[in-house]
Amino acid sequence: MVGLVGTAGVTGAVLLILGPLSWLVAGGSVRALHGKDQADAVNAVRQTVLAAFAGATVFASLAYTARTYVLTRRGQVTERFRASVEQLASPHTEVRLGGIYSLEHVLAESEQDHDAVVGVLAAYVRNRTGAELGPPAVLPAVRNAGRPMPEWGTQPPQDVQAAVDVLARRPQRPEVRRVDLRGAVLVGLSLRAFEFAAPPRLSPMFLTAADLRRADLRGVEFHRSILNGADLRRANLAGARLAGVPLSGADLREAVLADADLRGADLGRADLRDASGLTAEQLAGAFLDAETRLPPEPAADPWVAARLADCAAWEPVRTSNGPPPTPRPA
């Protein structure tokens, strides 16, 4: 029945083209001709109209095919996304890992799903690690005093490490908000720049009060992230890009900070006692206050004393978005 209707429709269209439509397109100049001249002119018009009709039909067919392809592909991506999220609830580590890497494929292929995939992975990390912000009024140094230092070699669960890996190498696209890993327990996390094709990005992220003790974060990019109150004791931050990053109240005792970029970093109330590799030159570009606790050698440097004085004079007028004073030349 459908075939008959289609055939009738095509036949009707052809008759319309060969008849009234061709005469309408031909116009008065052709109608004014007689005999063979008129027949030849009408045939030429009919050929032109038929060619145009065929072109329009091909174009419409291509547009319909493209639309069908887009809808089919969108449905496939949606189904893969759903199946991957279901895998994250599996009791088996291997299945959860498969779900995480499947979500990475969705992330790579579908810009439309970027924020959704990133949000799911961040929520997964928070939930799997029992993210806990703790009392915000308590200084990290006090809050962390009763938290024992984990043994050397302690690492996050495989699936948590994998989820953070995916977030750290996600495509660089505009994002609605910072990735939320506030309070995540990521003890022993390993994100070393030399193991990635490009420097891993924990940015832009909320890492407020995150537990990153003993984390190996060499060369990690933290641009536009927030690490206020983070526990970074014995973390390896050598070469980390921390320029402009809020680290107010962060616990950096015994952290490795060699070659870390601290220009514009907010180290107010931060505890950097026994941090290694920290130089006066690095501190000269950061914001310091009277509660910033420094290792003895940098603390005794006249350059750092001058920096503290500059920051103390600037602090009463600073804004949340304003940069700290320009470092003095060496």
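Structure's up top.
Residues numbered from 1 in each chain as written. Predicted model: local features only at pLDDT ≥ 70, side-chain atom pairs only at ≥ 80, totals over all residues. Heavy atoms only, no water.

Here we look at the packing of helix 3 (residues 93-109) against helix 4 (residues 114-128)
Where helix 3 contacts helix 4, the axes come no closer than 9 Å and their chain directions differ by 155°. Here helix 3 lies roughly antiparallel to helix 4, going by the angle between them. Considering the relative orientation of helix 3 and helix 4, their crossing is left-handed. Each of Arg96, Ile100, Leu103, Val106 and Leu107 in helix 3 lies in contact with helix 4, whose residues at this interface are His114, Val117, Val118, Val120, Leu121, Tyr124 and Arg128. Of the residues that constitute the contact of helix 3 with helix 4, the class distribution is 9 nonpolar, 1 polar and 2 charged. (Axes fitted to C-alpha atoms, helices over the stretch in contact; angles between N-to-C directions. Helix = DSSP H or I, 4+ residues; strand = E, 2+ residues; numbered from the N terminus. Parallel < 35°, antiparallel > 145°, perpendicular 65-115°, else oblique. Left-handed = near helix turned anticlockwise from the far one by under 90°. Contact = heavy atoms within 4.5 Å. Nonpolar A, V, L, I, M, F, W, Y, C, P; charged D, E, K, R; others polar.)

Regarding the pattern of salt bridges
Under the definition given, this model contains 21 salt bridges. Its salt-bridge partner being Arg96, residue Asp159 comes within 2.9 Å of it at the nearest N-O pair. Of this pair, Asp159 sits in helix 6 (residues 158-168) while Arg96 sits in helix 3; the two residues are 63 residues apart in sequence, bridging distant segments of the chain. Of the two residues, Asp159 and Arg96, neither departs from the other in class, the shared state being buried. Where Glu221 meets Arg241, a salt bridge forms, and the shortest distance between an N and an O atom there is 3.6 Å. With Glu221 in the loop between strand 2 (205-206) and helix 7 (280-283) and Arg241 in the loop between strand 2 and helix 7, this pair connects stretches of sequence that are 20 residues apart. Here Arg241 falls in the partly exposed class, since its relative accessible area comes to 39%. Look at the salt bridges and you will find they share partners, linking Asp211, Arg213, Asp231, Arg233, Asp251, Arg253, Asp271 and Arg273 into a network. (Salt bridge = Lys/Arg side-chain N within 4 Å of Asp/Glu carboxyl O. Buried < 20%, exposed > 50% of the residue type's maximum accessible area, 1.4 Å probe, protein only.)

Considering the environment of Phe222
Structurally, Phe222 can be placed in the loop between strand 2 and helix 7. Given the relative accessible area of 0%, Phe222 is considered buried. Linking Phe222 and Ala240, residues 18 residues apart in sequence, is a C-alpha distance of 7.5 Å. Beyond its immediate sequence surroundings of up to four residues, Phe222 is in contact with Leu202, Ser203, Leu207, Leu217, Leu227, Leu237, Ala240, Arg241, Leu242 and Val245.

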